[in-house]
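Each chain, written out:
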Amino acid sequence: MSGEEVRAGVTLTNLDKPLFDGAEATKRDLIDYLEAVGERMVGHLRDRPLSVVRIRPGQEPFMQKNLPKYTPEWMERVTLWAESSHREVTYALCNDVRTLVWFGNQRAIEYHPTLLLTDYGKGQTHLVLDLDPAPGQPFRQAVLAAQLIRQALADDGLSGAVKTSGSKGVHVFVPIEPGIAIEDAAAATRAVAARAERLDPALATTAFIREDRGGKVFLDSTRSGGATVAAAYSPRVRPGATVSFPLAWSELESVVPGDFTIHTAARALGDRDPWAEEMPRPQALPADLIAEGHTIPVARVQAMHEGKRRARARREGS
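Residues numbered from 1 in each chain as written. Predicted model: local features only at pLDDT ≥ 70, side-chain atom pairs only at ≥ 80, totals over all residues. Heavy atoms only, no water.

On to the overall build of the protein chain. Tallying secondary structure elements over the protein chain gives 8 helices and 13 strands in all. Taking 20 Å as the expected radius of gyration for a compact globule of 318 residues, we find that the protein chain reaches 20 Å, a close match to that expectation. Considered along the principal axes of its C-alpha atoms, the protein chain spans approximately 60 × 45 × 45 Å. With 318 residues in all, the protein chain has 54% of them scored as buried. Accessible surface, the protein chain: about 14,700 Å² in total, of which carbon and sulfur atoms supply 50%. Between the averaged position of the 39 positive side-chain charges in the protein chain and that of its 41 negative side-chain charges there is a distance of 5 Å. (Helix = DSSP H or I, 4+ residues; strand = E, 2+ residues; numbered from the N terminus. Rg over C-alpha atoms; globule rule 2.2 N^0.38 Å. Buried < 20%, exposed > 50% of the residue type's maximum accessible area, 1.4 Å probe, protein only. Areas by Shrake-Rupley, 256 points an atom, 1.4 Å probe, with all protein chains shown as cover. Lys, Arg positive; Asp, Glu negative; His and termini not counted. Charge placed at Lys NZ, Arg CZ, Asp CG, Glu CD.)

Listed below in structure tokens is the structure:
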């Protein structure tokens, strides 16, 4: 029987229903996991506008940014102007475990906070590099690319923390001092990726257009400003219900993403918070890094123009 339970002040329903196809887990397993890691996860979600990926039974996953009308009044929230959709969006602030459990009961699997806090004036808190192996390539390819990023950072006196994305690859986070302009942070991220690519151009690429990558790891440097990224400890809508799991750099060679699921991750953590333990202190961004980044075109814009140019060339050729 599914029945009802109350946890963290939230009435839960349908706990014994499957979570999603291929999850090998129920909603109860999700809630159990969220409770187990709740305080640690909330610590990294706090005061960040939150989007979630939900799955209703029998439907495809969807990303929810705007809070639904039936959201309880006690939940903290912030209303911001969304330039992309030209409207105001009311985001949740996951500042307590009660909020996390409520979202779990809504079948929210993934938790994607912004790189900005609610006080946008402080700028984004981290640079983020998202590294996925090329199609058909093993996780180790992303691991090698992460090591290139680490070296490129170290060459400019910077350091970062690493976690599995919970999907195919890894995320490298570089904490930065408050007050850095979003445009400068975005430029620095592009420069880190470019420098990592130069370290081993046979392994890694910054080519935004898929057909130009040639089986190499894509060093995705496009996350900046109000962009979101899967949080540390967030489950993912992936086979086995994998989890984005923080690691020491020395551990990266000996794991694969499937090692960490909603069934195994809490036990692997114990009472630790490796995302807090491994994260360096916020750092100033070197001027040379920012300057180089401003000479690198924004990938999405460059790809859009190149796509149009190629389409025009094909039309003219035919």
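Here the narrative resumes, following the displayed structure.
Let us now look at the UniProt feature "domain: DNA ligase D polymerase" (unreviewed entry) in the protein chain. According to UniProt, the positions carrying the feature "domain: DNA ligase D polymerase" (unreviewed entry) are residues 26-275. Spanning residues 26-275, this segment combines 28% helix with 21% strand, and its end C-alpha atoms are found 26 Å apart. (UniProt positions renumbered as here; feature names shortened; annotations may be inferred.)

Running from N to C, helix H4 (residues 182-199) and helix H7 (residues 287-294) point in directions that differ by 90°, and their axes come no closer than 7 Å. Considering the angle they form, H4 stands roughly perpendicular to H7. Contacts from Glu183, Asp184, Ala187, Ala188, Arg190, Ala191, Val192, Ala194, Arg195 and Arg198 in H4 reach Asp288, Leu289, Ile290, Glu292, Gly293 and His294 in H7. Residue composition of the contact of H4 with H7, grouped by class: 7 nonpolar, 2 polar and 7 charged. (Axes fitted to C-alpha atoms, helices over the stretch in contact; angles between N-to-C directions. Parallel < 35°, antiparallel > 145°, perpendicular 65-115°, else oblique. Contact = heavy atoms within 4.5 Å. Nonpolar A, V, L, I, M, F, W, Y, C, P; charged D, E, K, R; others polar.)

Moving on to the sheet that holds strand S11 (residues 204-205). Pairing is mixed across the open sheet formed by 6 strands, whose spatial order is S11-S12-S8-S10-S9-S13. Where the open sheet ends on each side, the last strands, each with one partner, are S11 and strand S13 (246-247). Here strand S8 (residues 126-132) runs beside strand S10 (residues 170-175); their pairing, made up of 6 bridges, is antiparallel. Residue pairing for S10: Leu127 is matched across the bridge by Val174. (Pairing = 2+ DSSP bridges.)

In this section: the packing of aromatic side chains. The geometry of an aromatic ring pair is captured by two quantities: the separation of the ring centres and the angle between the planes. Going through the model one piece at a time under the given rule, you end up with 6 aromatic pairs. Ring centres of Phe173 and Trp275 lie 5.2 Å apart, and the angle between their planes is 80°; on these two criteria the pair is classed as edge-to-face. With a gap of 102 residues between them, Phe173 in strand S10 and Trp275 in helix H6 (residues 274-278) connect regions that are remote in the sequence. A relative accessible area of 7% places Phe173 in the buried class. A residue is classified by how much of its surface remains accessible, and Trp275, at 6% relative accessible area, is buried. (Phe/Tyr/Trp six-rings, centres within 6.5 Å; stacked < 30°, edge-to-face > 60°.)

Now for the layout of surface pockets. Here the largest pocket defines a volume of roughly 660 Å³. As for the largest pocket, its lining consists of 26 residues, of which Asp130, Asp132, Arg210, Arg213 and Phe218 are closest to the centre. Only S8 and strand S12 (217-220) provide two or more residues apiece to the lining of the largest pocket. In the lining of the largest pocket, the residues fall into 7 nonpolar, 8 polar and 11 charged. (1 Å grid on protein atoms, 1.4 Å probe; cavity = no way out; pocket = protein on both sides within 12 Å on 5 of 7 lines; lining within 4 Å. Points joined across faces, edges and corners; volume = space filled by probe spheres on them.)

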